[in-house]
Amino acid sequence: MLITLCYLYLWARWGRRPAALVRATVQRLRASRCSFTFCGAAVQPRGARVCLSRGGRVFCVGESEFPIWTHLLKIEPFRLRILDIQKYRYSIDDLNKWALFLVSPFILEAEHIAFVTESIWVQGETLQRPSSSSESSQIVKWADCCLPLACRPGDPYQLIAEASVDNFSKLGVAFMEDRLQMADGLVPQKIVSVHLQDSTLKALKDQASNKQAQILQQNPEPSVESKPEPDVMEHVGGDDLKVLGAQPTEGEDGTSGREPAGEGDVGVGSIEHCHLHLSSCHECLELENSTIESVKFASAEKIPDLPYDHNGTLEDVADDICLDREGRKVNITGRAPNILFYMGSASQESLGRFQEVRSVLADCVDTESYTLYPLSRESALRDPWSDNCLLLVIATREAIPEDLSQKFMAYLSQGGKVLGLCSPFTLSGFQVTSKSVLRETVQNLVFSKADQTHVKLSVLSSGYVYEEGPGGQLSLGKLQGHLENEDKDRLIVQVPFGPRGGEAVLCQAHLELPPSSSVVQAQEDFNLLKSSNTRRYEVLREILTMLGLNCDLKRAPALTPLYLLPAAEEIWDPLMQWLGKHVDPEGVIKSSKLSLKFLSSYTSNIEITPSALPVVTDVESFLSENFNLEIYRQNLQTKRLGKVILFAEVTPTTMNLLDGLMFEIPQEMGLIAIAVRQTQGKGRGSNAWLSPMGCAVSTLLVSIPLRSQLGQRIPFVQHLMSLAVVEAVRSIPEYQDINLRVKWPNDIYYSDFMKLGGVLVNSTLLGETFYILIGCGFNVSNSNPTICINDLVTEYNKQHRAELKPFRTDDLIARTVTVLEKLIDTFQDKGPNGILPLYYKYWVHSGQRVRLGGLEGPEVWIVGLDDSGFLQVQQEDGEIVTVHPDGNSFDMLRNLIIPKQQ
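Give a detailed account of the overall build of the chain, specifying residues and quantitative values.
Check the secondary structure of the chain and you find 17 helices and 44 strands. The burial tally for the chain puts 54% of its 902 residues in the buried class. If you sum the accessible surface of the chain, you get close to 40600 Å²; carbon and sulfur atoms cover 49% of it.

This is the structure in structure tokens:
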């Protein structure tokens, strides 16, 4: 009660001056390494003391006996690291995703504070400026009060920054009063102070000084008329660091460490300080003697209150461009670096094209590291978009208006990067020339990479080429692409621009369009483009990397728990009874490869490793966007197979999940492991099997009696599985002409053209029974970088003006298991002759002529399969030779059967 009364008194006394209270608290306690947090009341740190509370938000102080939020920011050679040096409550994860903005601000001035802000994205929401003109109702912009150090895009979006005590207090109060404005749709959720180690700061200062000396030796002294550029670092997100320019200076008022803006310049974060001092208050001096800590924090003599600067805005700094020592543009705004797309005039067509172009770039870069936005003509002319634009993509076929072209050229002159995709935009010295004979035709392109190697691929031409034009010949970059025709028409050019590192890569090949695009009409063109699809992405990544984007492969996703799911309600009770008898007292079933721990529910504190996986048995709690249990149940029409499901969103490999259950579980409870993604998928031999989103991935347990038709011909199992996938699609009415086929010994193919799936079989003979794990993965909806079943459906619809629906992974897995059980039953009843006619109907090898052993090997004709499932070929002398799959592989591209490398 006493504390509550004191809080009420504080608001009565200090309600109009919250900045003073916050500043006094920070000033008095920061030396003791207390932590300061501004956040929602519902998420305030445990053990922290609330100093102020308003509108559901609080200002908290953590005392020294509590764990301090302490982080060591350390620069090792050419890399930024953020390392934990104490146990802390504030979590900074995925450290490699942090991108460094500045170097010099890490050398904190004595009175400055480092802090982290957390924000969320709210698209389309804008913070309205209050109509009142009173000081307490004005918007405070984050960028005006601090200097950004590093950012981590994502949700929440995190920023590390530094500010003076005054500005830190100002930010905090504005947050509590809902007056703090970030940028680009960001809404702040939390502000937390962090501590930087003195030893690290000293090392940084020495390192910065050494690099500064090296740079000064390489660069002439700036003239008296020229103002030194701020000390900045190119935005590289963990790659090479470059310390550049002159050291920052501290203003007389002790504010942010930047060179004061000269006449006519507007400095980022520059704030006019006119401190107003409060007089001593007798009531407060009495309260200061109170034993209540929060009251003690509130009072001090001559506390400087903070003015609000209404003049500085983000829009004012559109031309405040920081450059590195090579003159290139650097992002120091503290916001997520943007990739902006100019698609021409606003229309439904341009919106669809934006989604198309955005999609292909999102496949090449990490979308958690960049934000991808459309840029309208109005915004391009009005807004300061160039400040935070890492790449401008111009992908309109319309002529670029003159005023807009000037804006784009100004962006390039400041060190900007431009990617032109089938656009008329060009630079002086080049012109875009129409060549109608090439329009929307598939052509052979030779692309030169930065390392001087070449990539040859089929591309869809726009019908335009680049030729030298008025203004003289430009100095070209290393990336170039020309057609393999007589004129060697240029379709890709890299053009450096200006002394500040501006650069454009201009392209008249439709690298942004997938082979399934409506522009591609002929079946043969689709085939050519699909065969080059992987190389199309290789070229795109090479271009984006040259333009400064990070196109490294994304990290493997985190493992998720398994769910135990029944395909039929009546099997659940027997399954639970069996499980209760076979788990150990801890609920675990162990095998040689991993252990499964069965739990009624899962919490985030339960560890998941490749060798120890939790299995949740609560079916009611199961929910997945990628697997619908009801759809699976409706399409599964089996007596035994696939009745009990182990499902995971992400798992190492489904081949290992059934290892501890396969020999014990009753055969009528047919096990199947299904995953959305695998991190360690397996192929034949030592091959890896990639399984991205949209790939149907499963491992099925099948028990085959040794003394049976199939038990005596186990090699047929892989043929039956690949045949089941094809038949699961082509047995559906109206889908019979989808050109899905089987290839010996274990692949699923589009025609004889491209692989879209495979089968891996592991068998163990125990007593009189073969226990067989059939691993199968095939592309359903993942078009890139190769091909998928839904591509074939889309292409069929286009060619035949049909409206066949695309497939889901869950229904196709269930249909495949259903067909497989029928094929096994037929084989057991009739032997190989019961299934071979259907197999030959779909296989790709009929009458195929191949060579054995290599290009110089004997030429043979494929005959079919022998009684054991091995491939038979006929030599020129008429002799029939059997080829075993374990010793050989089939190279479809060169028509070779070659010894498989062990």
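Give a detailed account of the side chain of aspartate 811, specifying residues and quantitative values.
One can find aspartate 811 in helix H16 (residues 809-830). Arginine 808 is the oppositely charged side chain nearest to the buried, salt-bridge-free aspartate 811, at an N-O distance of 5.6 Å. A polar side-chain atom of aspartate 811 sits 3.1 Å from the main-chain amide nitrogen of arginine 808. Residues in contact with aspartate 811, not counting those within four places in the same chain, are Ile631 and Asn635.

Break down the sheet that holds strand E30 (residues 595-599) for me, citing the residues and quoting the values.
Spatial ordering of the open sheet is given by E29-E30-E31-E28-E32-E33-E34-E38-E37-E36-E35, a layout of 11 strands whose pairing is mixed. Whereas interior strands pair on both sides, the edge strands pair on one side only; in this sheet they are strand E29 (588-590) and strand E35 (740-743). With direction set aside, neighbouring strand axes in the sheet form an average angle of 25°. Bridge analysis of strand E28 (residues 562-566) against strand E31 (residues 612-616) gives 2 bridges, and the strand direction is parallel. Paired with leucine 562 across the bridge in E31 is valine 615. Along the sheet, helix H12 (residues 572-582) makes contact with E28, E29, E30 and strand E32 (644-651), crossing E28 at roughly 135°. Together, strand E33 (671-678), strand E34 (695-705) and strand E38 (769-779) form the strand contacts of H16, whose direction differs from that of E34 by roughly 25°.

Tell me about unusual backbone geometry, residues and numbers included.
Cis geometry is found at the peptide bond from tryptophan 744 to proline 745, where omega equals 0°. Positionally, proline 745 belongs in the loop between E35 and strand E36 (747-750). Positive phi is not limited to glycine here, since glutamate 440 has a value of about 50°. Its location among the elements puts glutamate 440 in the loop between strand E21 (430-434) and strand E22 (442-448). Note on glutamate 440: relative accessible area 46%, which makes it partly exposed.

Describe the confidence of the model for the chain, with residues and values.
Here the chain averages 76 in pLDDT, and 70% of its residues register 70 or above. For the stretch residues 64-96, pLDDT sits under 50, and the model shows 84 contacts to residues farther than four places along the chain or on other chains.

Tell me what's going on with the environment of glycine 757, and back it up with residues and numbers.
Secondary-structure assignment places glycine 757 in strand E37 (residues 754-766). The spatial distance from the C-alpha of glycine 757 to the C-alpha of isoleucine 789 is 9.7 Å, given a sequence separation of 32 residues.

Tell me what's going on with the nonpolar core, and back it up with residues and numbers.
Ranked by size, the top nonpolar core spans 84 residues in total, and within it Phe627, Tyr632, Ile645, Phe807 and Leu820 carry the most contacts. Looking at which element gives the most residues to this core, the answer is helix H14 (residues 716-730), with 10 residues. The residues contacting leucine 820, other than those within four sequence positions of it, are Leu641, Leu700, Leu720, Met721, Ala724 and Ile774. Counting residues in each nonpolar core, the second largest holds 41 residues, with Ile339, Met343, Leu361 and Cys551 among its members.

Account for the packing of aromatic side chains, with residues named and values stated.
Note on aromatic pairs: each is described by the distance of the centres and the angle between the planes. For the structure shown, the criterion picks out 23 aromatic pairs. Both rings, one in phenylalanine 341 and one in phenylalanine 354, keep their centres 5.4 Å apart while their planes meet at 75°; by these two values the pair is edge-to-face. Residue phenylalanine 341 is found in strand E17 (residues 338-342), and its partner phenylalanine 354 is found in helix H7 (residues 348-362); the two are separated by 13 residues along the sequence. One exposure class covers both phenylalanine 341 and phenylalanine 354, and it is buried. A ring pair is formed by tryptophan 385 and phenylalanine 408, whose centres lie 6.1 Å apart and whose planes are at 80°; its orientation type is edge-to-face.

Can you tell me about H14, naming the residues and giving the values?
For H14, built from 15 residues, the straight-helix expectation of 21 Å at 1.5 Å per residue is met to within 8% by its first-to-last C-alpha distance of 21 Å. In terms of residue burial, H14 counts as a mostly covered element, since 15 of its 15 residues are buried.

Residue-level account of the environment of isoleucine 665, with values.
Within the secondary structure, isoleucine 665 is located in the loop between E32 and E33. Looking at isoleucine 665, the relative accessible area reads 7%, which means it is buried. In the structure, isoleucine 665 is positioned 90 residues away from leucine 575 in sequence and 8.7 Å away in space, judged by C-alpha atoms. The contacts of isoleucine 665, once residues within four sequence positions are left out, are Leu575, Trp578, Leu671 and Leu701.

Any details on the pairing of strand E7 (residues 112-121)? Residues and values, ideally.
Across the 10 residues of E7, 8 count as buried, placing the element largely inside the fold. In the sheet, E7 pairs with strand E10 (residues 157-164) via 8 bridges, with the strands oriented antiparallel. When the sheet's bridge partners are listed, threonine 117 is paired in E10 with leucine 159. Inspection of the sheet shows E7 paired to strand E12 (residues 186-194) by 8 bridges, in the antiparallel sense. The residue bridging isoleucine 120 from the neighbouring strand is valine 187, located in E12.

Could you give an account of the pattern of salt bridges, with specific residues and numbers?
The full count for this structure, using the stated rule, is 24 salt bridges. Between aspartate 810 and arginine 808 there is a salt bridge, with the nearest N and O atoms lying 2.6 Å from each other. Of the residues examined, aspartate 810 reaches a relative accessible area of 0% and is grouped as buried. Residue class for arginine 808 comes out partly exposed when judged on its relative accessible area of 35%.

Conventions we followed
Residues numbered from 1 in each chain as written. Predicted model: local features only at pLDDT ≥ 70, side-chain atom pairs only at ≥ 80, totals over all residues. Heavy atoms only, no water. Helix = DSSP H or I, 4+ residues; strand = E, 2+ residues; numbered from the N terminus. Buried < 20%, exposed > 50% of the residue type's maximum accessible area, 1.4 Å probe, protein only. Areas by Shrake-Rupley, 256 points an atom, 1.4 Å probe, with all protein chains shown as cover. Lys, Arg positive; Asp, Glu negative; His and termini not counted. Salt bridge = Lys/Arg side-chain N within 4 Å of Asp/Glu carboxyl O. Polar contact = N/O pair within 3.5 Å; in protein donor to acceptor, adjacent residues only side chain to side chain. Contact = heavy atoms within 4.5 Å. Pairing = 2+ DSSP bridges. Axes fitted to C-alpha atoms, helices over the stretch in contact; angles between N-to-C directions. pLDDT = per-residue confidence, 0-100. Core = buried A, V, L, I, M, F, W, Y, C linked by side-chain atoms within 4.5 Å. Phe/Tyr/Trp six-rings, centres within 6.5 Å; stacked < 30°, edge-to-face > 60°. Expected span 1.5 Å × (residues − 1).

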